[in-house]
Amino acid sequence: MSTTHTDRLRALLEPLAAQAGLDLEDVKVTRAGNRRQVQIDVDADGGVDLDAIAEFSRVVGEALDESDVMGAGAYVLEVGSPGAERPLGAPRHWIRAEGRLAKINLVDGGEIVARVLSADEDGARVEVQPVKGRGRPKERRLEYTEVDRARVQVEFNRKDQQLLDETPDFADDADDALAGDSSEEGDDGAQ
């Protein structure tokens, strides 16, 4: 059984990612001029920060230099996270996307936009958004076997009521401060 270059890279990188507490999400090798470009995406519960990515990049660079997986040719290494519009393929992706909006292409050819409410190993409970804002969102259980592909959507102006409720009202504080400033001035307002 032959293995591809990407398979050999994955075999080298998966134990390193697990040791770093990361999930190896994607490995791509492409040509960039006379060099090869190795792009690696990692993720973790709660996301990954720049320090974790930098440390993993250092470990991967050392491992690639010590192995013969990349051969003698030059390569450029890029380590990052799947990004804001990450694909939802594995159950862990759906679990990490709880609360997020997703565009979901169904196996039967349909397409829905839904908020991921909860997820488990077999499927997700989603809130399907109304088409063109007509009607109310509808809750539904979506089995992963019904999904052809799905991707998290970026929301620029989401109004999360819980977040709004927890945010202090700065306008009231500003009004109080202004009222306090005016009362502290001298009787004639001049000093």
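The structure we're discussing is the one just above.
Report follows, based on the coordinates. (Residues numbered from 1 in each chain as written. Predicted model: local features only at pLDDT ≥ 70, side-chain atom pairs only at ≥ 80, totals over all residues. Heavy atoms only, no water.)

**Thoughts on the sheet that holds strand E1 (residues 23-32)**
Inference 1: One open sheet holds the three strands; their spatial order is E1-E2-E3, and the pairing between them is mixed. For this open sheet the edge positions go to E1 and strand E3 (75-80), each flanked by a neighbour on one side alone. Strand after strand, the sheet turns through a mean of 15° between neighbouring axes, direction not considered.
Inference 2: Here six bridges tie strand E2 (residues 35-43) to E3, and the two strands are oriented parallel to one another. Looking across to E3, one finds that Gln 39 is bridged to Glu 78.
Inference 3: Together, E1 and E2 form the strand contacts of helix H1 (residues 5-19), whose direction differs from that of E1 by roughly 140°. (Pairing = 2+ DSSP bridges. Helix = DSSP H or I, 4+ residues; strand = E, 2+ residues; numbered from the N terminus. Axes fitted to C-alpha atoms, helices over the stretch in contact; angles between N-to-C directions. Contact = heavy atoms within 4.5 Å.)

**Describing the sheet that holds strand E7 (residues 138-143)**
Inference 1: Taken in spatial order, the five strands line up as E7-E6-E5-E4-E8 in an open sheet, and their pairing is antiparallel. Either end of the sheet is taken by a strand with one partner, and the two such strands are E7 and strand E8 (147-152). Pairs of neighbouring strands in the sheet enclose a mean axial angle of 40°, with direction left out of account.
Inference 2: Across five bridges, the pairing between strand E4 (residues 101-106) and strand E5 (residues 111-119) is antiparallel. Bridged to Asn 105 within E5 is Glu 111.

**Here's the deal with the pairing of E5**
Regular strands have side chains that alternate between both faces of the sheet.
Inference 1: Here E4 folds back onto E5 in antiparallel fashion, the turn holding four residues, of which Gly 109 has a positive phi close to 100°.
Inference 2: Note that E5 and strand E6 (residues 123-128) share five bridges and pair antiparallel. Note that in E6 the partner of Ser 118 across the bridge is Arg 125.
Inference 3: The turn linking E5 back onto E6 is made up of three residues.

**Notes on the nonpolar core**
Inference 1: Membership of the largest hydrophobic core comes to 19 residues, with the highest contact counts inside it found for Leu 9, Leu 13, Leu 24, Ile 40, Val 42 and Phe 56.
Inference 2: Those elements giving two or more residues to this core turn out to be H1, E1, E2 and helix H2 (50-66).
Inference 3: Tallying contributions element by element places H2 first for this core, with five residues.
Inference 4: If sequence neighbours within four positions are ignored, Ile 40 has contacts with Leu 13, Leu 24, Asp 26, Phe 56, Val 60, Leu 77, Glu 78, Val 79 and Gly 80.
Inference 5: Residues Ile 112, Val 116, Tyr 144 and Val 147 belong to the second largest nonpolar core, which totals 18 residues. (Core = buried A, V, L, I, M, F, W, Y, C linked by side-chain atoms within 4.5 Å. Buried < 20%, exposed > 50% of the residue type's maximum accessible area, 1.4 Å probe, protein only.)

**Topic: the packing of aromatic side chains**
Where two aromatic rings form a pair, the distance of their centres and the angle of their planes describe that pair.
Inference 1: Evaluated as defined, the whole model comprises one aromatic pair.
Inference 2: Between the aromatic rings of Trp 94 and Tyr 144, the centroid separation amounts to 5.5 Å while the plane-to-plane angle is 40°, which identifies the pairing as tilted. Here the residue Trp 94 occupies a position in helix H3 (residues 91-96), and Tyr 144 occupies one in the loop between E7 and E8, the gap between them amounting to 50 residues.
Inference 3: By relative accessible area, Trp 94 is classed as buried at 1%.
Inference 4: On the basis of relative accessible area, Tyr 144 is assigned to the buried category, the value being 15%. (Phe/Tyr/Trp six-rings, centres within 6.5 Å; stacked < 30°, edge-to-face > 60°.)

**Re the packing of H1 against H2**
Inference 1: Running from N to C, H1 and H2 point in directions that differ by 140°, and their axes come no closer than 11 Å. Regarding the angle of H1 to H2, the classification is oblique. For the pair H1 and H2, the sense of crossing is right-handed. Side by side, H1 and H2 meet where Leu 9, Leu 12, Leu 13, Leu 16 and Ala 17 of the first sit next to Phe 56, Val 59, Val 60, Ala 63 and Leu 64 of the second.
Inference 2: Taken together, the residues of the contact of H1 with H2 sort by class into ten nonpolar, no polar and no charged. (Parallel < 35°, antiparallel > 145°, perpendicular 65-115°, else oblique. Left-handed = near helix turned anticlockwise from the far one by under 90°. Nonpolar A, V, L, I, M, F, W, Y, C, P; charged D, E, K, R; others polar.)

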